[in-house]
Amino acid sequence: MGVSHPIFARVFARASVAMDDAGAAAHRRRLVAGLRGRVVEVGAGNGRNLAHYPPAVDHVLAVEPEPRLRALAGAAALAARVPVTVAAGLAEALPVADGVADAVVLSLVLCSVPDQAVALGEARRVLRPGGELRFYEHVVAETPGLRRAQRIADATLWPLFCAGCHTARDTVAAIRAAGFTVTDVDRFHFPPSGVPAPASPHVLGAATRP
């Protein structure tokens with residue numbers, strides 16, 4: 001079960017290192033700070049989050065469908081401070097039993113899943129009651145001009161070149177619609193300087209499964 005985007009995978013692997021150097025590493029640390037117990041990370045990519053999990057985490061199941069990125073995540077898992085298993089799987093069909101996760105982490109993945117509602121339903125399914133959803137995503141802009149630019153990008157070449165990525169998704173609203181209680185949202189642009197681009201509006205936050 002998986003998808004193959006070899007060109008995008010190579011570009012993303014290089015770009016993610018540059019993103020971390022530009023400040024994304026600090027966002028990754030915030031994303032997973034304070035987590036404990038059993039964690040499922042959905043769309044783990046090349047594993048750039050894995051080094052930041054705190055020691056209170058008992059185990060991370062890092063799910064990634066793209067084989068090249070999954071191999072890189074496997075290498076990153078060896079250097080993590082906590083036990084990590086890297087597995088093939090889709091956000092819409094997680095290889096995890098119901099209610100076993102203390103936390104689910106979504107990092108730059110909900111932009112590209114075919115159906116956010118299905119993916120978030122899977123995250124809710126695998127979380128125990130009271131479990132926490134952590135999310136770090138680029139989302140729809142708050143300003144009309146940039147929203148128009150996002151709609152144009154999504155309707156033309158952006159999804160083709162970026163492995164199905166869509167820039168104008170209202171991901172926080174989708175999280176609420178999936179039955180989560182959003183407890184924290186920080187909105188910012190990344191990178192923080194320069195001309196805003198379709199993928200620059202970001203959110204980092206948390207929600208709980210009631």
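Residues numbered from 1 in each chain as written. Predicted model: local features only at pLDDT ≥ 70, side-chain atom pairs only at ≥ 80, totals over all residues. Heavy atoms only, no water.

**Q** Talk me through helix 3 (residues 116–126); I want residue IDs and the actual numbers.
**A** Listed in full, the buried residues belonging to helix 3 are Gln-116, Ala-119, Leu-120, Glu-122, Ala-123 and Val-126. Considered in projection along helix 3, the buried side chains sweep an arc of 150° and stay on one side of the axis. Along its buried surface, helix 3 packs onto strand 4 (101–107), strand 5 (127–138) and helix 6 (171–177). Of the residues that open helix 3, the one with a side-chain oxygen 3.0 Å from the backbone nitrogen of Ala-117 is Asp-115. (Buried < 20%, exposed > 50% of the residue type's maximum accessible area, 1.4 Å probe, protein only. Helix = DSSP H or I, 4+ residues; strand = E, 2+ residues; numbered from the N terminus. Arc of directions from axis to C-beta. Contact = heavy atoms within 4.5 Å. Polar contact = N/O pair within 3.5 Å; in protein donor to acceptor, adjacent residues only side chain to side chain.)

**Q** I'd like a rundown of the sheet that holds strand 5, residues and numbers included.
**A** Strand order across the open sheet formed by seven strands is 3-2-1-4-5-7-6, with mixed pairing between neighbours. Because the sheet does not close on itself, it has two edges, and the strands there are strand 3 (84–87) and strand 6 (181–189). With strand direction ignored, the average angle separating the axes of adjacent strands in the sheet is 15°. Alignment of strand 1 (residues 37–42) against strand 2 (residues 57–63), held across six bridges, turns out to be parallel. Paired with Glu-41 across the bridge in strand 2 is Ala-62. (Pairing = 2+ DSSP bridges. Axes fitted to C-alpha atoms, helices over the stretch in contact; angles between N-to-C directions.)

**Q** Explain the packing of aromatic side chains residue by residue, including any values.
**A** If you walk through the whole model with that rule in mind, you get two aromatic pairs. Taking the centre distance of 5.7 Å and the plane angle of 25° together, the rings of Phe-8 and Phe-12 count as stacked. Within this pair, Phe-8 and its partner Phe-12 are both found in helix 1 (residues 6–32), separated by four residues, close to a single helical turn. Between Tyr-136 and Phe-188, the aromatic rings sit 6.5 Å apart at their centres with planes inclined by 25°, giving stacked as the arrangement. Highlighted residues: Tyr-136 in strand 5 and Phe-188 in strand 6, separated in sequence by 52 residues. (Phe/Tyr/Trp six-rings, centres within 6.5 Å; stacked < 30°, edge-to-face > 60°.)

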